[in-house]
Each structure stands twice: as C-alpha cells, then as structure tokens.
Amino acid sequence: MYELLFWQYKDGIYLNHHLVYEALVEKQEVEGLETLPTEVILNRINSVFSTWEKVDDNSWKNTKGKGAFQIKTTPQSIQIDCYGTEGKTMNLLADTLEEFKCPLYDPQIPVRYDEMTE
C-alpha cells in the first residue's frame, strides 16, 4: 500500500507536516487547517475516475489495468490508500486534489509538495 494525504492550511498558518499527518491519521482535529468540502472532492474524484469500477462509496478498482485505491476522509483531510496503483494514477489523484488547493503530503518520504518549506 502507498499512502497519500491531503489537507489545506489556513492563510498564514504553517505547521510541522509530519505532526499534522500523525494527528489527521488519528482523526484528530488540527487547529490551523481548513475544513474541506469532502463530498465535492469525492464527487470530483468519482468523475475523474469514471472509467474505474466503484467498489463501494470510497473505493475504486481499475478494471482495465493495475491498481485500486480507497479514500478515508475527516473534515480536514483526504487520505488515499493506493494498492498496486501506477505512478501516473497517483499523480492524477494529486492533481485532482490540487484543484482544491490541497497539496500532497507523502508520508513515505516524508515530503509535502507545496511552495513552502519547513
């Protein structure tokens, strides 16, 4: 499994990304993060991946190739667990969340892909 996590800081707020990640994975609220339009984001992902089989409300499977992913949400975050998913698919997920000003945090590295640096 490869994990992707997305959130949006409030204007002027910049926190330790890994500590934010740990709190969000534990479903804790983090002061300084925006509340996300999770239903709108899920609908957008569903639209972008309309050729994939929707296994349940939060899971998609590629019937024409490799990979599957599952989405977990909190009011402040979108977590996407990728299973055998190709890099280009993960890039498409990241690009889709970027539409909502939610840059990718990759906990495996750990790096957040935004214009700021710690």
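Shown above is the structure to which this text applies.
Please read all numbers here as calculations on a predicted model, not as lab measurements.

**Looking at the overall build of the protein chain**
- A tally of helices and strands in the protein chain yields 3 helices and 7 strands.
- Traced from its N-terminal end to its C-terminal end, the protein chain shows the element sequence β-α-α-β-β-β-β-α-β-β.
- The globule rule puts the C-alpha radius of gyration for 118 residues at 13 Å, and the 14 Å found for the protein chain is close to it.
- Considered along the principal axes of its C-alpha atoms, the protein chain spans approximately 40 × 25 × 25 Å.
- When the 118 residues of the protein chain are sorted by exposure, 43% land in the buried category.
- Looking at the protein chain alone, contacts between residues at least 24 apart form 56% of all its contacts between residues at least 6 apart.

**Digging into the environment of Ser 59**
- With respect to the secondary-structure elements, Ser 59 resides in strand β3 (residues 59–61).
- Given the relative accessible area of 11%, Ser 59 is considered buried.
- Distance from Ser 59 to Val 20, taken between C-alpha atoms, is 24 Å for residues 39 residues apart in sequence.
- Leaving out residues up to four positions away in the same chain, Ser 59 has contacts with Glu 53, Lys 54, Phe 69 and Gln 70.

**With respect to the side chain of Thr 96**
- Residue position: Thr 96 is located in helix α3 (residues 87–98).
- Polar side-chain contacts of Thr 96 include one of 2.8 Å to the backbone oxygen of Leu 92.

**As for α3**
- Helix length check: α3 (12 residues) gives 16 Å between terminal C-alpha atoms against 16 Å at 1.5 Å per residue, within 8%.
- All of the buried residues in α3 are Thr 89, Met 90, Leu 93, Ala 94, Thr 96 and Leu 97. When α3 is viewed along its axis, its buried side chains cluster within an angular range of 160° and face the same direction. Opposite the packed face of α3, turned more than 90 degrees from it, sit the exposed residues Lys 88, Asn 91 and Asp 95.

**Overview of the nonpolar core**
- Grouped together as the largest cluster of nonpolar side chains are 21 residues, with contacts concentrated most on Phe 6, Ile 45, Phe 69 and Ile 80.
- Going through the elements one at a time, β1 (2–6), α2 (38–48), β4 (68–74), β5 (77–83) and α3 are the ones with two or more residues in this core.
- If you tally residues by element for this core, the top one is α3, at 4 residues.
- Ignoring anything within four residues of it in the chain, the contact list for Phe 69 reads Ile 45, Phe 49, Trp 52, Asn 58, Ser 59, Trp 60, Ile 80, Asp 81, Cys 82, Tyr 83 and Leu 93.

**Considering the pattern of salt bridges**
- This structure, assessed with the given rule, holds 5 salt bridges.
- Glu 53 is the partner of Lys 61 in a salt bridge, and the nearest nitrogen-oxygen pair spans 3.9 Å.
- You can call Glu 53 partly exposed: its relative accessible area is 36%.
- The partner of Asp 81 in a salt bridge is Lys 72, and the shortest N-O contact between them spans 3.0 Å.
- Accessibility expressed as a relative area gives 34% for Lys 72, which makes it partly exposed.

Here is what the cut-offs are and how they apply
Residues numbered from 1 in each chain as written. Predicted model: local features only at pLDDT ≥ 70, side-chain atom pairs only at ≥ 80, totals over all residues. Heavy atoms only, no water. Helix = DSSP H or I, 4+ residues; strand = E, 2+ residues; numbered from the N terminus. Rg over C-alpha atoms; globule rule 2.2 N^0.38 Å. Buried < 20%, exposed > 50% of the residue type's maximum accessible area, 1.4 Å probe, protein only. Contact = heavy atoms within 4.5 Å. Polar contact = N/O pair within 3.5 Å; in protein donor to acceptor, adjacent residues only side chain to side chain. Expected span 1.5 Å × (residues − 1). Arc of directions from axis to C-beta. Core = buried A, V, L, I, M, F, W, Y, C linked by side-chain atoms within 4.5 Å. Salt bridge = Lys/Arg side-chain N within 4 Å of Asp/Glu carboxyl O.

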